[in-house]
Amino acid sequence: MQLKALGNKNVFGLILPYITSSKSSISDAFIIADKLKIKTKIIDLTPAADGLIKSIGDEKIDNVRKGNILARLRMICLYDYSSKIGGLVLGTGNKTEILLGYTTLFGDSACAINPIGDLYKTQVWQLAELQKIPKSIIKKKPSADLWIGQTDEKELGFTYKEVDKLLFYLIDCHYSDKELIALGFKGDFIKRVKAIISKNQFKRVPPLIAKVSNRTINIDFRYNRDWGS
């Protein structure tokens with residue numbers, strides 16, 4: 001999609017593996033880059049990540065903390081390279097991930113522009129099919145590949161297909177719980193998803209600023225008409 005809008009000469013891809021990254025993630029990245037005819041650069045995050053983890057000094061860092069470190073290191077590389085070439089960082093988070101907060105704050109959630117942020121995960125798969133992305137890539141289990149064996153759906157506890165259908169009726173159509181149940185959704189599932197959305201609202205808004213002045217950024221000073229005035 002962005003290739004047609006920008007032209008492949010204006011898109012650059014960084015491949016950012018860690019020592020535990022699956023070989024298929026790296027090979028699939030090269031397959032996509034070759035298909036789209038975009039230039040790429042591979043940067044091994046292992047020395048930087050391991051050095052930082054060692055400096056932190058904790059006896060053991062769990063997968064979530066380590067995964068967040070890797071996600072943020074990825075974004076450091078992307079923003080550094082965007083500065084080098086005078087480009088913009090393209091976001092890769094979809095609507096499902098954004099609503100569920102399935103993202104690392106200042107990691108994969110960071111970007112200058114997000115072309116697919118208003119598409120649910122299942123719609124991204126449909127778009128990939130239209131773009132003739134290899135079936136093997138579309139069908140593989142979604143994963144941020146932050147640790148061995150990680151998959152999105154295993155962590156979430158439900159499939160994207162299940163939750164996307166609920167999210168569409170809940171968010172886009174404003175259906176009530178009663179209407180959702182009439183469609184066949186379980187009450188517990190509805191309650192759980194709504195709680196996840198609510199819990200992760202902080203990831204979808206700018207940082208809160210304590211108001212002490214007359215015009216506070218993101219509270220009173222927030223619209224186009226305010227810029228420069």
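Computed from a predicted model, the values in this text were never measured in an experiment.

Grouped together as the largest cluster of nonpolar side chains are 18 residues, with contacts concentrated most on Leu100, Phe158, Val163, Leu166, Leu167, Phe189 and Val193. The set of elements that each furnish at least two residues to this core consists of helix H5 (95–100), helix H9 (160–172) and helix H11 (187–199). Among residues more than four places away in sequence, those in contact with Val193 are Leu100, Phe158, Val163, Leu166 and Leu167. Leu16, Leu45, Ile53 and Leu73 belong to the second largest nonpolar core, which has 14 residues in total.

Going through the model one piece at a time under the given rule, you end up with 6 aromatic pairs. Pairing Phe158 with Phe189 gives two aromatic rings, centres 5.5 Å apart and planes at 70 degrees, and the pair type is edge-to-face. Of this pair, Phe158 sits in the loop between helix H8 (152–156) and H9 while Phe189 sits in helix H11; the two residues are 31 residues apart in sequence, bridging distant segments of the chain. Accessibility assignment for this pair places Phe158 and Phe189 in one class, buried. Centre to centre, the rings of Tyr169 and Tyr175 are 5.2 Å apart; their planes meet at 40 degrees, and the pair counts as tilted. On the basis of relative accessibility, which here comes to 29%, the residue Tyr175 falls in the partly exposed class. An aromatic cluster is present here, built from Phe168, Tyr169, Tyr175 and Phe185 joined pairwise through their rings. In this structure, Lys121 packs its charged tip against the face of Tyr160, placed 5.6 Å from the ring centre.

Glancing now at unusual backbone geometry. Note: most peptide bonds trans; most residues except glycine with negative phi. Look at Asp145: it is not a glycine, yet its phi comes out positive at around 55 degrees. Residue placement: Asp145 occurs in the loop between helix H7 (135–139) and H8. The class for Asp145 is buried, based on a relative accessible area of 12%.

Analysis parameters
- Every chain is numbered independently, its residues counted from 1 as its sequence is written.
- Totals for whole chains, interfaces and linings use all residues, but because this is a predicted model, local features are given only for residues with pLDDT of at least 70 and pairs of side-chain atoms are given and counted only at 80 or more.
- By convention in this description, side-chain values take in all heavy atoms of the structure and omit both hydrogens and water.
- Note on terminology: a nonpolar core comprises buried Ala, Val, Leu, Ile, Met, Phe, Trp, Tyr and Cys residues joined through side-chain atoms within 4.5 Å.
- Buried residues are those whose accessible area, probed at 1.4 Å on protein chains only, stays under 20% of the maximum for their type, while exposed residues exceed 50% and partly exposed ones sit between those limits.
- Here a helix means four or more residues in a row that DSSP labels H or I, a strand means two or more in a row labelled E, and each is numbered from the N terminus.
- By definition in these notes, contact holds between two residues if any of their heavy atoms fall within 4.5 Å.
- Note on aromatic contacts: the rings of Phe and Tyr and the six-membered ring of Trp form a pair at centre separations within 6.5 Å, being stacked when their planes are under 30 degrees apart, edge-to-face when over 60 apart, and tilted otherwise.
- As a reminder, the over-ring test applies to NZ of lysine and CZ of arginine, requiring each to be within 6 Å of the ring centre and within 35 degrees of the ring normal.

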